[in-house]
Amino acid sequence: MTPNRAVSDDIRARLFPFPARHLTTVLDLKPPHVTALLDLADAFVELNRQTAKTLDLLKGRTLVNLFFENSTRTQSSFELAGKRLGADVVNMNPRTSSVAKGETLIDTAVTLNAMKPDLLVVRHAGSGAPDLLARKVSGSVVNAGDGQHEHPTQALLDMLSMRRAFGDVGNLTVAICGDVAHSRVARSNVALLTMMGANVRLVGPPTLMPPAVDRWGVEVHHDMRKGIEGADVVMMLRLQLERMDGAFVPSMREYFRFWGLDHEKLKHAKPGAKVMHPGPMNRGVEIDSDVADDPAVSLIQDQVEMGVAVRMAVLASLAERLEQEAGR
Ligand code: NCD
């Protein structure tokens, strides 16, 4: 079964070589690249809504998923993205591979490189791990989340979700709320949203703000209702308990009372405001199920759908870049 001709022609017309060999940080992108990537991703959304979803843009290419940290949606969406573009996809599980026997990240990279992957998707607890790998392999490295540093494809899929809900993101006020200190999602979103002209606010208790937050160049609020006042988008972050080695919050009940998003607090945002969350959610901790599951306000399921399309756009565009470098 082949996809609708108009859809695949549209995708081919929007393809462009990625501006860099790797995607480790959103800071390597410029506004026109972001717009071109999201335009391409829009076309992939159309493809993904058809019965026939596979193209041959990555035929012959090998994609390796290397996830040193747990993941449900990010890993499966990269896998689906690679498969829908026709690549051979391998999921390496470092917990059962030689890494568990003490092999270093560099040894793993060198070993993998000998198998000639074209695209290496990496998630690692160490900030900067994808950059280190990028220096050791000949294919393209995509950062799927490194420590508390960056998660570029999450910020891109969040932006695609906002653009489809509101149109231009440059006019939006986005309140990013909760555990900013431990969040790579917040870091990539602040960088990408401010680059595209959006007004960004960080909202949360002082204990969950990063130490040098005053240098991030965005407003910081320590009162939830004030922080989301008039916001178009309220983006909730997961309380990252696995990254906390001390007590950052008195109790989950207290946290929900002050920082958990429910319909009452949401009333302070702009009428028509949308709610986002990268998942996985701690229901009843940072977000109330009544809000998360309300299709009138929640973009959470859209974010998951956009994740596959954005990752297809990134992979297809990186493959174009590899073709160009090979002089084909
Ligand atoms: C995020 C991550 O892993 O950084 N999740 C995701 O990619 N969907 C956010 C989180 O874990 O809270």
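Computed from a prediction, not measured in an experiment: that's the story for all the values here.

*Asks:* Where do I start with helix H12 (residues 300-325) in this structure?
*Replies:* In an α-helix, one turn spans 3.6 residues, which is why side chains three or four residues apart end up on the same side. In a regular helix each residue adds 1.5 Å, so 26 residues correspond to 38 Å; H12 covers 37 Å between its end C-alpha atoms and thus fits that length. Roughly 25° is the biggest bend found in H12, and it falls at Met306. Directly beyond the C-terminal end of H12, a positive phi value near 75° is found at Gly327.

*Asks:* How do you make sense of the layout of surface pockets when you look at a structure like this?
*Replies:* A volume near 420 Å³ is recorded for the largest pocket. Asn70, Arg123, Arg184, Arg238 and Pro280 are the residues nearest the centre of the largest pocket, which is lined by 20 residues in total. Its residues assigned to classes, the lining of the largest pocket comprises 4 nonpolar, 9 polar and 7 charged. When contributions to the lining of the second largest pocket are tallied by element, the ones reaching two or more residues are helix H3 (73-84), helix H6 (152-166) and H12. Considering every element that reaches the lining of the second largest pocket, the biggest residue donor is H12, with 7 residues. Classifying every residue of the lining of the second largest pocket by side-chain character gives 7 nonpolar, 8 polar and 2 charged.

*Asks:* Quick question: what am I supposed to make of the sheet that holds strand S2 (residues 88-92) here?
*Replies:* Sheets are built from strands that pair by backbone hydrogen bonding, the pairs being arranged parallel or antiparallel. Spatially, 4 strands are ordered S2-S1-S3-S4 in an open sheet, and the strand pairing comes out parallel. The open sheet has two edge strands, S2 and strand S4 (140-146), and neither has a second partner. When the angles between neighbouring strand axes are averaged without regard to direction, this sheet yields 15°. The sheet contact formed by strand S3 (residues 119-124) and S4 spans 5 bridges and is parallel. Paired with Leu120 across the bridge in S4 is Val141.

*Asks:* What am I meant to see in the nonpolar core here?
*Replies:* What tends to happen in soluble globular proteins is that the nonpolar side chains get buried as a cluster. Grouped together as the largest cluster of nonpolar side chains are 71 residues, with contacts concentrated most on Phe44, Leu156, Met162, Ile176 and Leu315. The next biggest cluster of nonpolar side chains, apart from the first, holds 25 residues, and it includes Leu239, Ala273, Val275 and Ile287.

*Asks:* How should the site of the ligand be read in this particular structure?
*Replies:* Arg73, Thr74, Arg123, His151, Gln154, Arg184, Val185, Arg238, Gln240, Pro278, Gly279 and Pro280 make up every residue found near the ligand. Here Pro278 contributes a backbone N or O atom positioned 3.0 Å from a nitrogen atom of the ligand. Under a 2 Å grid-point criterion requiring more than half of the atoms, the pocket assigned to the ligand is the largest pocket. Of all the elements in the fold, those that place two or more residues in the shell around the ligand are H3 and helix H7 (184-195). Partitioning the shell around the ligand into residue classes produces 3 nonpolar, 5 polar and 4 charged.

Thresholds applied
Residues numbered from 1 in each chain as written. Predicted model: local features only at pLDDT ≥ 70, side-chain atom pairs only at ≥ 80, totals over all residues. Heavy atoms only, no water. Helix = DSSP H or I, 4+ residues; strand = E, 2+ residues; numbered from the N terminus. Expected span 1.5 Å × (residues − 1). Bend = angle between axes of the 7 residues up to and from the residue. 1 Å grid on protein atoms, 1.4 Å probe; cavity = no way out; pocket = protein on both sides within 12 Å on 5 of 7 lines; lining within 4 Å. Points joined across faces, edges and corners; volume = space filled by probe spheres on them. Nonpolar A, V, L, I, M, F, W, Y, C, P; charged D, E, K, R; others polar. Pairing = 2+ DSSP bridges. Axes fitted to C-alpha atoms, helices over the stretch in contact; angles between N-to-C directions. Core = buried A, V, L, I, M, F, W, Y, C linked by side-chain atoms within 4.5 Å. Buried < 20%, exposed > 50% of the residue type's maximum accessible area, 1.4 Å probe, protein only. Near = heavy atom within 4 Å. Polar contact = N/O pair within 3.5 Å; in protein donor to acceptor, adjacent residues only side chain to side chain. Sits in = over half its atoms within 2 Å of the grid points.

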